[in-house]
Amino acid sequence: MARGGPRLEHGRRLELGRSFQDGGEHYQRVRPGYPADSADWLIPAGAADAVDVGAGTGKFTALLLERGLAVSAVDPSPDMLEQLRAHYAAADATQGTAEATGLADSSFDVVSVAQAWHWCDPLPASTELARILRPGGTLGLIWNQLDTSVPWVHRLSRIMHAGDVYKPGFRPVVGPEFEGLESHVTRWEDSLSTADIMELTKSRSYYLRAGEATRSKVLANLDWYLHEHLGHAVEEDISLPYLTLTWRATKA
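Reference entry: report on the structure contained in this document. The structure displayed is predicted, hence computed values, not measured ones.

1. What to know about helix H6 (residues 122-132)
Turning to step 1, where the next piece is worked out: Of the positions making up H6, those classed as buried are Pro-122, Ala-125, Ser-126, Glu-128, Leu-129, Ala-130 and Ile-132.
Turning to step 2, where the next piece is worked out: The elements touched by buried residues of H6 are strand S1 (49-53), strand S4 (108-114), strand S5 (133-146), strand S6 (178-193) and strand S7 (237-251).

See below:
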């Protein structure tokens, strides 16, 4: 996603976002988690309550729970929330969006939005998230991206239609309710098989919205690239480089 997230008009954003309404079990199984460093940098000392908005199956929720916070999780997809409840029962999971969480005023020290801010309408979402944060609370915006500074990963991202291109000058849009926006980059690697990479591709919005002919072409190109061009054995484990971009801002 160029510049940290696709630049989409509102209708297209809703259309692509709906592609994640189903397939929670597949998403939970194949999508990577987040590095501990991201949460450690984001969460301020003394924070006790957090809400993970656009939580999906709970990939970032897990890090909040591991750090002893009382966590609420919000997502528009019942299918995703079913997976979250199954894996992270300690979180209080409810259906909602960043623009309408349904949560009480001034209830949280931290709000995280991981891999989801580009599906949100940033100004109404900022107003809503500021409402549920306590004074001085922290907003965190997190993205996993393939590390396309590595040449073979850059080509892989093109074949997958992942669109992950790290732009150092990128700044996410947040509303005037927040100040002091700053960023942190974590470089890490996820170990997975070539079969897992094929499955990871199937969890991308481009693939989910494509027709059967396009899907077949994407998977055939990926099979050729991994197994013939790069020479990996079928289902060989490889290390896939990632960047995690973490942004934080304070409620003004």
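2. Some thoughts on the packing of helix H7 (residues 151-160) against helix H10 (residues 212-229)
Turning to step 1, where the next piece is worked out: Where H7 meets H10, the axes come as close as 9 Å, and the angle between the chain directions of the two elements is 160°. By the criterion of interaxial angle, the relationship of H7 to H10 is roughly antiparallel. Counted together, Trp-152, Arg-155, Leu-156, Ile-159 and Met-160 of H7 and Val-218, Asn-221, Leu-222, Trp-224, Tyr-225, Leu-226 and His-229 of H10 form the full contact between these two elements.
Turning to step 2, where the next piece is worked out: Considering only residue class, the contact of H7 with H10 consists of nine nonpolar, two polar and one charged.

3. Considering the pattern of salt bridges
Turning to step 1, where the next piece is worked out: Tallied over the entire structure, the rule returns ten salt bridges.
Turning to step 2, where the next piece is worked out: Across the pair Glu-66 and Arg-67 runs a salt bridge whose closest N-O atoms are separated by 3.6 Å.
Turning to step 3, where the next piece is worked out: Arg-131 serves as the salt-bridge partner of Glu-128, at 2.7 Å between the closest nitrogen and oxygen. A residue pair is termed a helical-turn pair when its members lie 3 or 4 positions apart in one helix, as Glu-128 and Arg-131 do in helix H6 at three residues.
Turning to step 4, where the next piece is worked out: The partly exposed category is assigned to Arg-131, whose relative accessible area is 28%.

4. Quick look at H10
Turning to step 1, where the next piece is worked out: Its 18 residues place the ends of H10 24 Å apart at the C-alpha level, agreeing with the 26 Å of an ideal helix rising 1.5 Å per residue.
Turning to step 2, where the next piece is worked out: Those residues of H10 that fall on the buried side of the exposure criterion are Arg-215, Val-218, Leu-219, Leu-222, Tyr-225, Leu-226 and His-227. Each buried residue of H10 lies within a common arc of 160° when the element is viewed along its axis, so the set occupies one face. Opposite its buried face, H10 presents the exposed residues Ala-213, Lys-217 and Glu-228, each directed more than 90 degrees away.
Turning to step 3, where the next piece is worked out: One or two steps after H10, the chain reaches Gly-231, where phi turns positive at roughly 80°.

5. Description of the sheet that holds S7
Turning to step 1, where the next piece is worked out: A sheet is described by the order of its strands in space; here seven strands give the open sequence S3-S2-S1-S4-S5-S7-S6, paired in mixed fashion. The open sheet terminates on both sides in strands that have one partner only, identified here as strand S3 (92-95) and S6. The mean angle between the axes of side-by-side strands here comes to 20°, regardless of whether they run parallel or antiparallel.
Turning to step 2, where the next piece is worked out: One ladder, built from 14 bridges, connects S6 with S7; its direction is antiparallel. When the sheet's bridge partners are listed, Thr-186 is paired in S7 with Thr-244.
Turning to step 3, where the next piece is worked out: Its contacts with the sheet place helix H5 (residues 78-87) against strand S2 (70-75) and S3, and it is angled at close to 175° to S3.

6. Comments concerning the environment of Val-185
Turning to step 1, where the next piece is worked out: Among the structural elements, Val-185 can be located in strand S6.
Turning to step 2, where the next piece is worked out: Given the relative accessible area of 33%, Val-185 is considered partly exposed.
Turning to step 3, where the next piece is worked out: Here Val-185 is in contact with Tyr-166, Leu-243, Thr-244 and Leu-245, once residues within four sequence places are set aside.

Definitions and cut-offs
Residues numbered from 1 in each chain as written. Predicted model: local features only at pLDDT ≥ 70, side-chain atom pairs only at ≥ 80, totals over all residues. Heavy atoms only, no water. Buried < 20%, exposed > 50% of the residue type's maximum accessible area, 1.4 Å probe, protein only. Helix = DSSP H or I, 4+ residues; strand = E, 2+ residues; numbered from the N terminus. Contact = heavy atoms within 4.5 Å. Axes fitted to C-alpha atoms, helices over the stretch in contact; angles between N-to-C directions. Parallel < 35°, antiparallel > 145°, perpendicular 65-115°, else oblique. Nonpolar A, V, L, I, M, F, W, Y, C, P; charged D, E, K, R; others polar. Salt bridge = Lys/Arg side-chain N within 4 Å of Asp/Glu carboxyl O. Expected span 1.5 Å × (residues − 1). Arc of directions from axis to C-beta. Pairing = 2+ DSSP bridges.

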